[in-house]
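Descriptive structure summary
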Amino acid sequence: MTCAQRLIQLLEAYGVDTAFGIPGVHTIELYRALGESRLRHVTPRHEQGAGFMADGHARASGKPAACFIITGPGMTNIATAMGQALADSVPMLVISSVNQRASLGRGQGRLHEMPHQRETLAGVSVFSHTLHDPEALPEVLARAFSIFDSARPGPVHIEIPLDVMGAPVSDAPVTPTRTYPPAPAPEALTKAAEWLGTAARPLVLLGGGTADAPDAARALVERLDAPAFTTINAKGVLGLDHPLDLGATASLPAARRLAREADVVLAIGTELGETDYDLVFDGGFVLDGRLIRVDIDPQQLGRNQAADLALLAEAGQAMTALTERLPESAGRDGAARAEAVHRELALAEDPELAPYAPLFTTLRQALPEAIVVGDSTGPVYAGNFLASLPAPRRWFNAATGFGTLGYGLPAALGAALACPDRPVVALVGDGGLQFVLGELGTARDLGRPVAVVIWNNDGYDEIRRYMAASEIPKLGVDLAAPDFQALAQAFACRYRRIADPATLGEALSSLNDTTSPLIVEVDAAGWADSL
C-alpha cells in the first residue's frame, strides 16, 4: 500500500465522501488511489472554485470535504478560498503535493516550486503540515479531524512530498480517532444560570457555532424569554419568523439600544466581530450589562470583548445544560421587546432595503426549502437583514468576514452536492460572477438544477455607491457584462431574463423541471421600475 492509497482509505474511514480538485502531474498518485475508492471526485475549473465548493459543501452539511491540489500555483489559487473558510470557521481538508524532500527550500527552479509553500499557506489555515514520514499520516489526519470534531473548525493543509506520495506504508488496519468537544464546567453553568435567572432584561447573541443545535437554541431563548440576535451564519437557528428572533440587525440603532439596555448578555458561538455587530464600522455596538460568553475556542473567549464569565464548551451542550438549570421565565416580555424593535426598524420599508424585499418574498414563496448561497452583492447584503429561514445552514455568503468575490456559484455547487434533495440558489452580482464564469462548466457537469440568480446592475454597484457617498470619482466600477444568454447556451444551461417579482417566481418554479442549471438574469434597473 502506498501513502496515497492509505490517505484515501483513511478519508473514507473518517466519513469524507467528496473530493474537489484538478489533476496535475504532481497529484496523479492521489488519483491512482482515488480510482479504487468510493469517494466522489468533482473537477472545478479553477482551484479557487475547488475551495469554495468544499466550503459550500461543509456549510450545507456540517461535514468537511477534501480538496486535492497541486504544488505551487494550485495552492496560491486556493488560498483565497481557505482564507474565507478560516474567517467563517468552516472545516476543509486541503491535501496538496510538494516537491521531493531532498529539494525542499533549495530554490532549484523545479516544476511548480514555491520555496516556502507550507509557511505561505499557514496564514490561511488552522495548521499547515509537511508529511515527511509516510507512516505519520494517520497521526496527522487524526489531528486534523480532532479540530473538525472538537474545536473551532477551519481549513487544514497537509502537503505530501512527491517521493512520499508513492512510498510504501504499513497496511495494518487503522481505526480513526474520534474526539469529542469540551463540556461546560458545572460551576460555570451554575453561575451563568444564576445571573440569567435573575436578569430583568436578558439578551442572547447566537452565532454560527449554534448552527448544529437549533432545538437547544430555541429552548434556551424561550426559557429565558429573551430577544436574540442571530448572526448571518446563525440564520434560521430559531426557525422561521420566531417572535424572539431579531436576526442580524445588531448594527442598526433600535437594535443597539436594546443591546445597551440588557442587564445580562449571553453570547454563544459568536466572535462578536464587526461584520456581525458593526456593519456601519462606527464602534456603536456596546454591551453595558454583564457578559457571559460560550465558545469552543479558548482564545475566542477573550477577543473583541472580554467576558465577565467565560465558558469553554460546545454550544449545544452548553445551551442544553443552561436551559435545565434555568427557572421558567416570568414577566420579561421578551417577544414584546423584540416586536418593538422590529416595528421601529421597519426593514421592509427602509429605502436601502425595500427594493430587495419582494425578491426574498418571491424566493420564500417559490422555493421555501431552498439553500440560498450568496456572493458580495446588493441583494445579499439586504438579505442578511431581510431573509428569514426555517432552519440553519440554509443561508450563507461571502458578503461579510473575509468578503471575497466569486464565492456564490461554486459554493452553491458544493451545497447542491451535499444536499441533493434540496433546491439551491446562487445569488450573485454580474461583477462577482465574472470571477468564476468557468464554474458554469462544472455546474453543467454535475447535472444539478441549481438556480443562478444574477443581479445585473452593470458593475460593482456597492463600491459605486460608496464612492459617490465619499465624493470619490467612480473609477473602475462600471463593467461591460457578457451576454449571459449566450453564455447559458454555451454551457448548456437554461436561461431567463426577468425584471419583476412575478416573472422571477415563475422562473424559479421551473427549477426542478430538468437537471440542467437555470440562469436567471435580473435587470436591476427594470426591477426597481416595476416596484
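Here, every reference points to the structure presented above.
Below: a short report on this structure. (Residues numbered from 1 in each chain as written. Predicted model: local features only at pLDDT ≥ 70, side-chain atom pairs only at ≥ 80, totals over all residues. Heavy atoms only, no water.)

**With respect to unusual backbone geometry**
For clarity, the cut-off: Think of it this way: any DSSP run of H or I at least four residues long counts as a helix, any run of E at least two long counts as a strand, and we number them from the N terminus. Relative accessibility decides the category of a residue: with a 1.4 Å probe and only protein chains considered, values under 20% of the type maximum give buried, values over 50% give exposed, and everything between is partly exposed.
Positive phi outside glycine occurs at Ser-89, with the angle close to 60 degrees. Along the chain, Ser-89 falls in the loop between α4 (73–87) and β4 (92–98). Positive phi, normally seen in glycine, also occurs at Ala-346, with a value near 45 degrees. For Ala-346, a relative accessible area of 23% gives the class partly exposed.

**As for the state of the cysteines**
Structurally, a disulfide amounts to a covalent bond that connects the sulfur atoms of two cysteines. Quick reminder of the rule: Two cysteine sulfurs form a disulfide in these notes if their separation is within 2.5 Å.
All chains considered together, the criterion is met by zero disulfides. The structure places no disulfide on Cys-3, whose sulfur is separated from the nearest cysteine sulfur, that of Cys-67, by 18 Å. Exposure remark for Cys-3: the relative accessible area of 0% places this residue in the buried category.

**Quick notes on the pattern of salt bridges**
For clarity, the cut-off: In what follows, salt bridge is the name for a side-chain nitrogen of Lys or Arg lying within 4 Å of a carboxyl oxygen of Asp or Glu.
Per the counting criterion, the structure on display carries 32 salt bridges. In this structure, Arg-394 and Glu-369 form a salt bridge, with 3.2 Å as the shortest nitrogen-oxygen distance. Residue Arg-394 is found in the loop between α15 (378–386) and β14 (395–397), and its partner Glu-369 is found in the loop between α14 (357–366) and β13 (371–374); the two are separated by 25 residues along the sequence. Using a relative accessible area of 10% as the deciding quantity, one classes Arg-394 as buried. Residues joined by salt bridges that share partners form a network here, namely Glu-352, Asp-461, Glu-462, Arg-464, Arg-465 and Asp-478.

**Some points on the packing of aromatic side chains**
Applied cut-off: For Phe, Tyr and Trp, where Trp contributes only its six-membered ring, two rings pair if their centres lie within 6.5 Å, and the inter-plane angle classes them as stacked under 30 degrees, edge-to-face over 60, or tilted in between. Only Lys NZ and Arg CZ are tested; either one counts as a charge over a ring when it is within 6 Å of the ring centre and within 35 degrees of the ring normal.
Under the definition given, this model contains nine aromatic pairs. Ring plane angle 75 degrees and centroid distance 6.5 Å describe the contact between Phe-229 and Phe-285, whose orientation is recorded as edge-to-face. In this pair, Phe-229 sits in strand β8 (residues 228–230) while Phe-285 sits in the loop between α11 (274–277) and β11 (290–295), placing the two residues 56 residues apart along the sequence. As far as burial versus exposure is concerned, Phe-229 and Phe-285 are alike and both buried. Consider the rings of Phe-360 and Trp-395, whose centres lie 5.8 Å apart with planes at 65 degrees: the pair is edge-to-face. Here Phe-360 is found in helix α14, whereas its partner Trp-395 is found in strand β14, with 35 residues between them in sequence. Aromatic ring contacts, followed pair by pair, group Tyr-14, Phe-145 and Phe-148 into a single cluster. It is Arg-143 that lies over the ring of Phe-127; its NZ or CZ is 3.6 Å from the centre.

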